[in-house]
Amino acid sequence: MLVAISILVFLPIALGGASSRIGFAEEKEVPVWPKPHSLLASGSGSLALAENFTLRSSPDSIATLSSAFARYREIIFLHHSIFLASRQIPESIPQLQALSVRISSPDETLQIGVDESYRLQIPDPDDATAALLTAETVYGALHGLETFSQICAFNFTTKMTEVRYIPVDIVDRPRFEYRGLLIDTSRHYEPLKIVRSVIDSMAYAKLNVLHWHIVDTQSFPLEIPSFPKLWNGAYTGAERYTLEDAKGIVEGVGYPELWPSGNCTQPLDVSNFAKTFPFKFMHLGGDEVDTTCWKKTRHIARWLAHNNFTAKQGYEYFVLRAQKIALKYGLTPVNWEETFNNFGSKLNNETIIHNWSKLYPYVFLGYSHSWNLLFRIGPGLAPLVVGAGFKCIVSDQDVWYLDHLDVPWQSFYKNEPLTNITGEHEQSLIIGGEVCMWGETVDPSDIHQTIWPRAAAAAERLWSPRSFTDQGTSQVHSRLKTFRCLLQQRGIPAAPVDELGRVSPPYPAFNGYYKKYAQAGDTLQSFLARA
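Worth saying up front: this structure is predicted, and the values here are computed from it rather than measured.

1. Some words on helix α6 (residues 298-306)
Turning to step 1, where the next piece is worked out: For α6, the set of buried residues is I300, W303 and L304. Along the axis of α6, the buried positions cluster into a sector of 100 degrees, meaning they face one direction only. Along α6, exposed side chains directed more than 90 degrees from the buried face belong to R298, R302, A305 and H306.
Turning to step 2, where the next piece is worked out: Those residues of α6 hidden inside the fold are in contact with α5 (292-296) and α7 (311-328).
Turning to step 3, where the next piece is worked out: Looking one or two places after α6, you find N308, whose phi comes out positive at around 55 degrees.

This is how it looks when you write it as structure tokens:
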């Protein structure tokens, strides 16, 4: 997985019987989330996992894979049986002894665009006692492990852990290379345990980029040894992250010279901006910038006058200078869409534009000119961004902002990043999307319930083939409920599927009760009214 940090950095973190090819529209329900690219399954068989179930890997020296298998072994063998502790599985019961993992490249370098594909075959065509997982990289293998774990279940009758739906052959790869989740610890502090659990939960849905909005006007909780007063901007002395906690993350509130004045805390003092950016693969922000206090702050006003800048031109200088610094160190700048709207023609061609609104300019004057700042509601800015040759990340606030609690999971699922983008080249410039958990109304008590299961809907849109996701939401409803239960079993308190964001469950043991007693054509409202 990759992590993006605000003031913003991207960096890697470690995280049988005859089969027939089934089309997505006809496929027997196999509750894997997100939906695999291709699935061959008869769905009729199962194999018990041996108590000494092992991982056999080639090459056998990949530490990331070994630690991941230890974690997934705990997940797969969630329930323990006294029966199996005292007796071995009878020889008459078919068993799976091992998962063989074959990885083409031992290189564990992680970056956007790394090959995440995998193939999972159960059983191994050459060994009926093993499953076979093949991948180009360890990161594809990790996704394959997640899929394997989702088709394993504890059988409460036999008291054995089983792998189901076999024989099965899954060939899988992501549709988009960037599948992100933003969390915001500047508005409410989130303890490290919560941040780590968010990262774990992302892996379950095959999201691969954590965008950590760690600082903003409200707080700066990160330790920077070279600027030891920066984290004086934390809410309290206990609500902080050490550099070791957030390894590889750098810079931005404790040094007043970085701010225009004590009462003017955004944006940063552009006259000292270059001092703050020793970053890796940078998101430079640039959204909703209020420059009015610059003109009221004496030394900034002098600097603007000295350079013959208006405040708007100072903002432009801020962004373009930051881009030059990033590029000098071989980094790729990412900016929110306002930079494109205001001075898009001046942005470096390598810039990735982060699109968050459905607003776009009335007037487009051509790629060699600036964009008019009058807006109207429309099909999004992304078509203009890729039309101008920039890469783009989509985060439509109407349907992919998780703090919008009135947006149901169906809207998250239906949001298509390529809407109104028809050219093949332009489509290739949409590198993916990101759901955003802005932190004004979340803290450790409710962050997971606000993220899940709605983020999972976006995760499937970003992973699975469009030919499947465009078929609508009714076909995935039951499978999403299963995934929500899986999250809960793994300690992630996901909210009910059939409610809006983070709403409490409406009935005791509601999922099972609804499944047992719902009638054909029932809506949630009609079911509750009858119940």
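2. Focus on the environment of L500
Turning to step 1, where the next piece is worked out: Note that L500 resides in the loop between α16 (477-489) and α17 (510-517).
Turning to step 2, where the next piece is worked out: Through-space distance from the C-alpha of L500 to that of T450 is 9.1 Å; in sequence the pair is 50 residues apart.

3. Observations regarding the packing of aromatic side chains
Turning to step 1, where the next piece is worked out: Going through the model one piece at a time under the given rule, you end up with twelve aromatic pairs.
Turning to step 2, where the next piece is worked out: Each residue in the set F53, F69 and F148 is aromatic and connected to the rest through ring pairs, giving one cluster.
Turning to step 3, where the next piece is worked out: Over the aromatic face of W463 sits the side chain of K206, whose NZ or CZ is 5.8 Å from the ring centroid.
Turning to step 4, where the next piece is worked out: Lying across the ring of Y204, R490 places its NZ or CZ 4.6 Å from the centre.

4. Remarks on the environment of D124
Turning to step 1, where the next piece is worked out: Among the structural elements, D124 can be located in the loop between β5 (118-122) and β6 (130-135).
Turning to step 2, where the next piece is worked out: By relative accessible area, which is 5% here, D124 ends up buried.
Turning to step 3, where the next piece is worked out: Spatially, the C-alpha atom of D124 lies 8.2 Å from that of S100, the residues being 24 residues apart in sequence.
Turning to step 4, where the next piece is worked out: For D124, the side chain forms a polar contact with the main-chain nitrogen of D126, separated by 2.8 Å.

5. Observations regarding the packing of helix α1 (residues 63-76) against helix α3 (residues 138-150)
Turning to step 1, where the next piece is worked out: In contact at an axis separation of 10 Å, α1 and α3 are set at 10 degrees when each is read in the N-to-C sense. On the basis of their axis angle, the class for α1 and α3 is roughly parallel. For the pair formed by α1 and α3, the contact residues are T64, L65, A68, F69, Y72 and I76 on the first element and V138, A141, L142, L145, E146, F148 and S149 on the second.
Turning to step 2, where the next piece is worked out: Grouping the amino acids of the contact of α1 with α3 by side-chain chemistry returns ten nonpolar, two polar and one charged.

6. Some details on the pattern of salt bridges
For side chains of opposite charge, pairing can occur when their charged atoms come near one another.
Turning to step 1, where the next piece is worked out: For the structure on display, the rule yields 16 salt bridges.
Turning to step 2, where the next piece is worked out: R175 is the salt-bridge partner of E416, the closest N and O atoms lying 2.8 Å from each other.
Turning to step 3, where the next piece is worked out: For E416, a relative accessible area of 7% translates into the label buried.
Turning to step 4, where the next piece is worked out: Linking R466 and E416 is a salt bridge whose minimum nitrogen-to-oxygen distance equals 3.6 Å. Taken together, the positions of R466 in helix α15 (residues 466-469) and E416 in the loop between α11 (409-414) and α12 (424-428) put the pair 50 residues apart, joining distant regions of the chain.
Turning to step 5, where the next piece is worked out: By relative accessible area, which is 31% here, R466 ends up partly exposed.
Turning to step 6, where the next piece is worked out: Within this structure, R175, E416, R461, R466 and D470 form a network of salt bridges that share partners.

7. Details of the nonpolar core
Turning to step 1, where the next piece is worked out: Membership of the largest hydrophobic core comes to 116 residues, with the highest contact counts inside it found for I122, F148, V163, L181, I451 and W452.
Turning to step 2, where the next piece is worked out: For F148, the residues in contact, after removing those within four places along its chain, are L49, F53, I76, L96, L120, I122, A131 and V163.

8. Re helix α14 (residues 454-463)
Turning to step 1, where the next piece is worked out: The buried count for α14 comes to ten of ten residues, which makes it a mostly enclosed element.
Turning to step 2, where the next piece is worked out: Along α14, the residues that are buried comprise R454, A455, A456, A457, A458, A459, E460, R461, L462 and W463.

Quick notes on the rules
- Residues numbered from 1 in each chain as written.
- Predicted model: local features only at pLDDT ≥ 70, side-chain atom pairs only at ≥ 80, totals over all residues.
- Heavy atoms only, no water.
- Buried < 20%, exposed > 50% of the residue type's maximum accessible area, 1.4 Å probe, protein only.
- Helix = DSSP H or I, 4+ residues; strand = E, 2+ residues; numbered from the N terminus.
- Arc of directions from axis to C-beta.
- Contact = heavy atoms within 4.5 Å.
- Phe/Tyr/Trp six-rings, centres within 6.5 Å; stacked < 30°, edge-to-face > 60°.
- Lys NZ or Arg CZ within 6 Å of the ring centre and 35° of its normal.
- Polar contact = N/O pair within 3.5 Å; in protein donor to acceptor, adjacent residues only side chain to side chain.
- Axes fitted to C-alpha atoms, helices over the stretch in contact; angles between N-to-C directions.
- Parallel < 35°, antiparallel > 145°, perpendicular 65-115°, else oblique.
- Nonpolar A, V, L, I, M, F, W, Y, C, P; charged D, E, K, R; others polar.
- Salt bridge = Lys/Arg side-chain N within 4 Å of Asp/Glu carboxyl O.
- Core = buried A, V, L, I, M, F, W, Y, C linked by side-chain atoms within 4.5 Å.

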